[in-house]
Amino acid sequence: MSSFPVSSDWKSGCPDNLRLEDENWMRRAIQLAKNGQGRVEPNPMVGAVVVQQNEVVGLGWHEKFGGHHAEINALNQAGGNAKGSTLYVTLEPCCHHGKTPPCVESIIRAGVSEVVFAMEDPNPLVAGKGLQKLQEQGIKVSKSQLEKDARFLNAPFIKSFTVGKPFVIAKWAMTLDGKIATYTGESKWISNPGPENRS
């Protein structure tokens, strides 16, 4: 995965150009992204907020697999108000044709002035290329300090592209000596009383 070269004013710690409202708008985008949980897999959950003169003019999230991406939904809601706006998006906008056209093309056509992203897309088809295309068109690109939140949101998607393995959560109860059943394979209640013993 490539590492997107951030601007020179992005220093260690808090960058000079970081505005308090940037974090607030990105947190809103992360909250919106959660609306896609269980509906967009294997795609990532993504949220987007379009802000014009410190007022929200467009909100969007990736609503279902195969549907519009978050950026498109937010830009559609913003309409003409997207010109000269700042777009906050939890994941780098895509720059390739998949089930939908590249989001970067719509962002450029809409006349967005700045894109603030939370994390780079681990998909090799994107991986910094989307951000580069935006910059080439004169759009300012800034990285949010909420990358950790965005990565937590899409841990399964990230693992799929970086490791090539599924993200698995396993939970089980076992006895102190590491057993989950008797030596005959008979299941026993370990973590709490069985249904027949509950009052």
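That block above? That's the structure.
*Asks:* So, the overall build of the protein: which residues are in play, and what are the values?
*Replies:* Within the protein, the regular secondary structure consists of 6 helices and 5 strands. For the protein, the sequential pattern of α-helices and β-strands runs α-β-β-α-β-α-β-α-β-α-α. When the accessible surface of the protein is split by element, carbon and sulfur atoms take 52% of a total near 11700 Å².

*Asks:* Got a sec to walk through the pattern of salt bridges? Specific residues and values, please.
*Replies:* Under the counting rule described, the total for this entry stands at 4 salt bridges. When the shortest N-O distance is used, the salt bridge between K143 and E147 registers 2.7 Å. Classification of K143 as partly exposed rests on a relative accessible area of 22%. Among the charged side chains, a salt-bridge network with shared partners connects E23, R27 and D149.

*Asks:* Which residues make up helix α3 (residues 103-110), and what values go with them?
*Replies:* The set of residues buried in α3 consists of C103, V104, S106 and I107. For α3, the angular spread of the buried residues around the axis is 160°, confining them to a single face. Considering only its buried residues, α3 is in contact with α2 (70-78), β3 (86-89), β4 (114-117) and α4 (129-136). Of the residues trailing α3, G111 is marked for its positive phi of about 80°.

*Asks:* For the pairing of β3, give the residues involved together with the corresponding values.
*Replies:* Burial along β3 is two-sided: T86 and Y88 and L87 and V89, pointing in opposite directions, are all buried. Relative to β3, strand β1 (residues 47-52) runs antiparallel, the two sharing 4 bridges. Bridging across to β3, V50 finds its partner in L87. As paired elements, β3 and β4 share 4 bridges and run parallel to each other. Each bridged residue has a counterpart across the sheet, and for Y88 the counterpart in β4 is V116. One crossover worth recording links β3 to the parallel β4 by way of α3, and it is right-handed.

Conventions and cut-offs
Residues numbered from 1 in each chain as written. Predicted model: local features only at pLDDT ≥ 70, side-chain atom pairs only at ≥ 80, totals over all residues. Heavy atoms only, no water. Helix = DSSP H or I, 4+ residues; strand = E, 2+ residues; numbered from the N terminus. Areas by Shrake-Rupley, 256 points an atom, 1.4 Å probe, with all protein chains shown as cover. Salt bridge = Lys/Arg side-chain N within 4 Å of Asp/Glu carboxyl O. Buried < 20%, exposed > 50% of the residue type's maximum accessible area, 1.4 Å probe, protein only. Arc of directions from axis to C-beta. Contact = heavy atoms within 4.5 Å. Pairing = 2+ DSSP bridges. Right-handed = clockwise from strand over helix to strand, strands pointing away.

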